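As a plain string of letters, each chain reads:
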Amino acid sequence: MLNYKLEQNVKVLVTNELSETVLDVLKDFNYQKPFIVIDSFLLNNEAIKTLLDTLTKANKAYTIYDKVIPNPPIESIDTGVDFFKAEKCDSILAIGGGSVIDAARGINIVRHLGGSIADYAYDKEIKSFCNGLIAIPTTSGTGSELSNALIVTDTINNEKIAVLSNLAVSEVAILNPQLALSLPEQLTISTGLDAFSHAAEAYTSTLSTPVVDAICEKIMFLIYNYLPKAAKDGQNLEARERMMVAAALGGWVLNNGGTHIGHSQAHIIGAKLGIAHGQACAYALPGTLKATAAVKAKKIKEIGYILGTEFPENVTDDEIGNITAARYREFRDDILGLTPFDSLNIKREDVMALAKEVQTERFAGNTPFELTDDVIAQLMHDFG
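- Going by what an unreviewed UniProt entry lists, the chain is known as Iron-containing alcohol dehydrogenase and is assigned to Vagococcus silagei.

## Description of the domain arrangement of the chain
Then step 1. When cut into domains, the chain gives domain 1 (11-180) and domain 2 (185-382).
Then step 2. Distance between the C-alpha centres of domain 1 and domain 2: 27 Å.
Then step 3. In this complex, domain 1 contributes 27 residues to the contact, which on the side of domain 2 involves 23 residues.
Then step 4. Carbon and sulfur atoms make up 60% of the area that domain 1 and domain 2 hide from each other, which totals about 2200 Å².
Then step 5. Summed over the three residues of domain 1 that lose the most area to domain 2, namely Ser-140, Lys-160 and Pro-177, the buried surface amounts to 26% of that side.
Then step 6. Where domain 1 packs against domain 2, one counts zero salt bridges.

## Observations concerning the UniProt feature "domain: Alcohol dehydrogenase iron-type/glycerol dehydrogenase GldA" (unreviewed entry) in the chain
Then step 1. The positions UniProt marks with the feature "domain: Alcohol dehydrogenase iron-type/glycerol dehydrogenase GldA" (unreviewed entry) are residues 14-177.
Then step 2. The span residues 14-177 is 35% helical and 22% strand by assignment, and the distance between its end C-alpha atoms comes to 8 Å.

## Considerations on the pairing of strand β2 (residues 34-38)
Regular strands have side chains that alternate between both faces of the sheet.
Then step 1. In terms of residue burial, β2 counts as a mostly covered element, since five of its five residues are buried.
Then step 2. The side-chain alternation of β2 yields two buried faces, one formed by Pro-34, Ile-36 and Ile-38 and the other by Phe-35 and Val-37.
Then step 3. Here five bridges tie β2 to strand β4 (residues 91-96), and the two strands are oriented parallel to one another. Residue pairing in the sheet places Val-37 in a bridge with Ala-94 of β4.
Then step 4. Relative to strand β3 (residues 63-65), β2 is paired through three bridges, and the arrangement is parallel. Each residue of the ladder has a partner; that of Val-37, found in β3, is Tyr-65.
Then step 5. Following the backbone out of β2, through helix α2 (residues 46-57) and into the adjacent parallel β3, one traces a crossover that is right-handed.

Reading guide: rules and limits
Per chain, residue numbering runs from 1 following the sequence as it is written. Selection of residues for local features in this predicted model requires a pLDDT of at least 70, selection of side-chain atom pairs for listing and counting requires 80 or more, and totals for whole chains, interfaces and linings are taken over all residues. Only hydrogens and water are set aside when side-chain values are computed; all heavy atoms of the structure are taken into account. Those domain boundaries reflect an automatic or database domain assignment. By definition in these notes, contact holds between two residues if any of their heavy atoms fall within 4.5 Å. The term buried area means the drop in 1.4 Å probe accessible area that two parts suffer when joined, counted for both and summed. Only one rule defines a salt bridge in this text: a Lys or Arg side-chain nitrogen within 4 Å of an Asp or Glu carboxyl oxygen. UniProt positions are given in the numbering used here, feature names are shortened, and annotations may be inferred rather than shown by experiment. Secondary structure elements follow DSSP: runs of H or I of four or more residues count as helices, runs of E of two or more count as strands, with numbering from the N terminus. Burial status follows relative accessibility: with a 1.4 Å probe on protein chains alone, a residue under 20% of its type maximum counts as buried, one over 50% as exposed, and anything between as partly exposed. Between any two strands, at least two bridges found by DSSP are needed for them to pair. A clockwise path from the first strand over the helix to the second, with the strands pointing away from the viewer, defines a right-handed crossover.

Structure, rendered in structure tokens:
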């Protein structure tokens, strides 16, 4: 059987007419009663109020589930499934950030296939497409609306675990940049840098392909050029749209190129030490770029060019890694102004203590260089 490396099964719409578009999608698929999984604060958003009013006027019944918290635990997903079934819903509208969309995708899997989302997190196979999920992101970072990976939290073991399947993606993704206009500056920055990490890691992973590479280059270009504008002026609709598209494409390349050691650090360190995912990815990327230059110098140099860097003649691979990492830090810290790692008051020894868990994390296997103890130690030292 051929192992194709570029798939896109999600229908994507970009619109400034949210209510009409959602109603049209529901009609197109003949969905009668959506289960709306949503961040609770969004219920006060004027666009969401208009959407709910439009559904009511169109005689579309719906049920609201606003109990999702960041880094959604297994329990909240399983509870959502019970509520979905009790309300006799037939589809899901996921409106929110990555946690909401991940939780909604988890609910969609279990309502179709039964059991607990924990079963699928621990490698139970998803054997058929889980239709009925319409994803509407309100941030521009995780790419969950197009991604085939969802992250849930095992609260017993205090770890993030992944469910991975091309059969568990959204049926439709609706990108409405107006929903991102009120996103706070630091959340704009951290989610945008999450998307940049998706592209940089998919670009350099062992799963990368020439087609994936071209998409990753464009994602990084869009983020470098439009994230500063979105962070500086949250009402810049063009910048918000470009970032929403870049983030969605970032989710898509995850399905085809994957992530590697940067995200392994973010998953483990973020979960154990309470760092938001986008921030953790941004803290991990400089060390990842430096280490990757030893085996993929040409690609790391290209990332440097995308970031506006110049290289001296006869530059060595080691210098390429250092120069690109330094330029990324300048973009992250000086141009954008991400919250500094040092302000989090996290001890370096607490980071270093997680080295073994990072080394064996699920996505570490996509790393293009050998993860020896010494290499991992250096990556953990460079985190921040």
